[in-house]
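Residue-level structural notes
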Amino acid sequence: MGSEGPSPVIVHVTGFKKFHGVAENPTETIVSSLKDYMKKRGMPKGLILGSCSILDTAGQGALVPLYQTLQASLSGGGDSESSNSRRVIWVHFGVNSGATMFAIENQAVNEATFRCPDEMGWKPQKVPIVPADGAISRKRETSLPVEEMTKVLAKMGYEVMTSDDAGRFVCNYVYYHSLRFAEQNGIRSLFVHVPLFLTIDEETQMQFAASLLELLASLY
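Because the structure is predicted, anything quoted here is derived from the model rather than measured. (Residues numbered from 1 in each chain as written. Predicted model: local features only at pLDDT ≥ 70, side-chain atom pairs only at ≥ 80, totals over all residues. Heavy atoms only, no water.)

1. What to know about the overall build of the chain
Assigned secondary structure in the chain consists of five helices and eight strands. Along the chain, helices (α) and strands (β) appear in the sequence β-α-β-α-β-β-β-β-α-β-α-β-α when read from the amino end. A compact globule built from 220 residues would reach a C-alpha radius of gyration of about 17 Å, and the chain, at 17 Å, matches this within 12%. Along the first, second and third principal axes, the C-alpha set of the chain runs to 55 × 40 × 25 Å. Residue burial in the chain is summarised as follows: out of 220 residues, 49% are buried. Across the chain, the fraction of contacts at a sequence separation of at least 24, relative to all contacts at a separation of at least 6, is 79%. (Helix = DSSP H or I, 4+ residues; strand = E, 2+ residues; numbered from the N terminus. Rg over C-alpha atoms; globule rule 2.2 N^0.38 Å. Buried < 20%, exposed > 50% of the residue type's maximum accessible area, 1.4 Å probe, protein only. Contact = heavy atoms within 4.5 Å.)

Set out below in structure tokens:
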């Protein structure tokens, strides 16, 4: 008859490598350390931490590894459990070097306008991320309850806000593709901007990432 109770939430996480003007990307450290950090902290019931991947800070040139990473989450690890009973959430961390607080991004826009070249030298201006989706004004929103999540995290003492503008650089580029992929495959996607470690220290950022994962597990 199968086991009783809801199936666990599987959260896959990505961060980014260095890029123009940010020699050390805090999200590379956060995502690389997350599995060990969660083991020490104690994984909450109902949460499985899946892949923790570090992406190149690039748009078009990094699409193949991005889609390989996204696609891998659908294979479900080879057991007989049907994929739709597994609840999959993607959490993408990116840095906003000018930020003073965490930002939970509600949406992405179908526009690539890079203020500087990405790590592969690409610098698009007013280009649709997915031409088949139409105009650069097209938006895609996460299906996660961003406002409620922000309130819960703020009550825990974190400096956190909801944002409707993920920029027009690689963060927005990846989030747009991920939201589109999520919608097509019945999963969920979220993007979170973090400040530099100079602004909010590494331990606080690790605690925030862990609290976010615990919150996601408790939502479903």
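2. Thoughts on the nonpolar core
By size, the foremost hydrophobic cluster in this structure holds 62 residues, and its most contacted members are Phe93, Leu190, Val192 and Leu212. The residues contacting Leu190, other than those within four sequence positions of it, are Trp90, Val91, His92, Ile104, Glu105, Thr142, Leu144, Val146, Met149, Tyr175 and Leu212. (Core = buried A, V, L, I, M, F, W, Y, C linked by side-chain atoms within 4.5 Å.)

3. What about the confidence of the model for the chain?
Averaged over every residue, the pLDDT of the chain is 91; the share at 70 or more is 93%. In the predicted structure, residues 77–85 sits below a pLDDT of 50 and forms five contacts with residues beyond four places in sequence or in another chain. (pLDDT = per-residue confidence, 0-100.)

4. Structural notes on the environment of Ser51
In this structure, Ser51 sits in strand β2 (residues 47–55). Once residues lying within four places of it in the same chain are set aside, the contact partners of Ser51 are His12, Val13, Lys35 and Trp90.

5. Quick notes on the sheet that holds strand β3 (residues 87–95)
A sheet is described by the order of its strands in space; here six strands give the open sequence β2-β1-β3-β8-β4-β7, paired in mixed fashion. Pairing within the sheet leaves two strands with one partner each, and these edge strands are β2 and β7 (160–163). Averaged over all pairs of adjacent strands, the angle between their axes in this sheet comes to 25°, without regard to strand direction. Sheet topology note: the strand β4 (residues 102–105)/strand β8 (residues 188–194) ladder contains three bridges and is antiparallel. Considered in β8, the bridge of Ile104 is made with Val192. Those strands touched by helix α4 (residues 170–185) are β1 (9–16), β2, β3, β4 and β8, and its axis lies near 165° from that of β8. Where helix α5 (residues 202–219) meets the sheet, its contacts fall on β1, β2, β3, β4, β7 and β8, and the angle it forms with β3 comes to roughly 155°. (Pairing = 2+ DSSP bridges. Axes fitted to C-alpha atoms, helices over the stretch in contact; angles between N-to-C directions.)

6. A word on α5
Turn by turn, an α-helix covers 3.6 residues, leaving residues three or four places apart pointing in a common direction. In this model α5 runs 26 Å from its N-terminal to its C-terminal C-alpha over 18 residues, within 8% of the 26 Å that 1.5 Å per residue would give. Restricting attention to buried positions, one finds in α5 the residues Gln205, Met206, Phe208, Ala209, Ala210, Ser211, Leu212, Leu213, Leu215, Leu216 and Ala217. Residue Asp201 occupies the N-cap position of α5, its side-chain oxygen lying 3.2 Å from the main-chain nitrogen of Glu203. (Expected span 1.5 Å × (residues − 1). Polar contact = N/O pair within 3.5 Å; in protein donor to acceptor, adjacent residues only side chain to side chain.)

7. Points about the pattern of salt bridges
Close approach of charged atoms allows side chains with opposite charge to pair. Summed over all chains, the structure comprises nine salt bridges. The closest approach of N and O atoms between Asp56 and Lys17, which form a salt bridge, is 3.3 Å. A residue pair is termed long-range when its members are at least 10 positions apart, and Asp56 in the loop between β2 and α2 (63–72) and Lys17 in the loop between β1 and α1 (26–41) qualify at 39 residues. Looking at Asp56, the relative accessible area reads 31%, which means it is partly exposed. A relative accessible area of 32% places Lys17 in the partly exposed class. Taking the shortest distance from any N to any O, the salt bridge between Arg140 and Asp133 comes out at 3.0 Å. In the salt-bridge network here, residues are joined through shared partners; they are Glu111, Lys126, Asp165 and Arg168. (Salt bridge = Lys/Arg side-chain N within 4 Å of Asp/Glu carboxyl O.)

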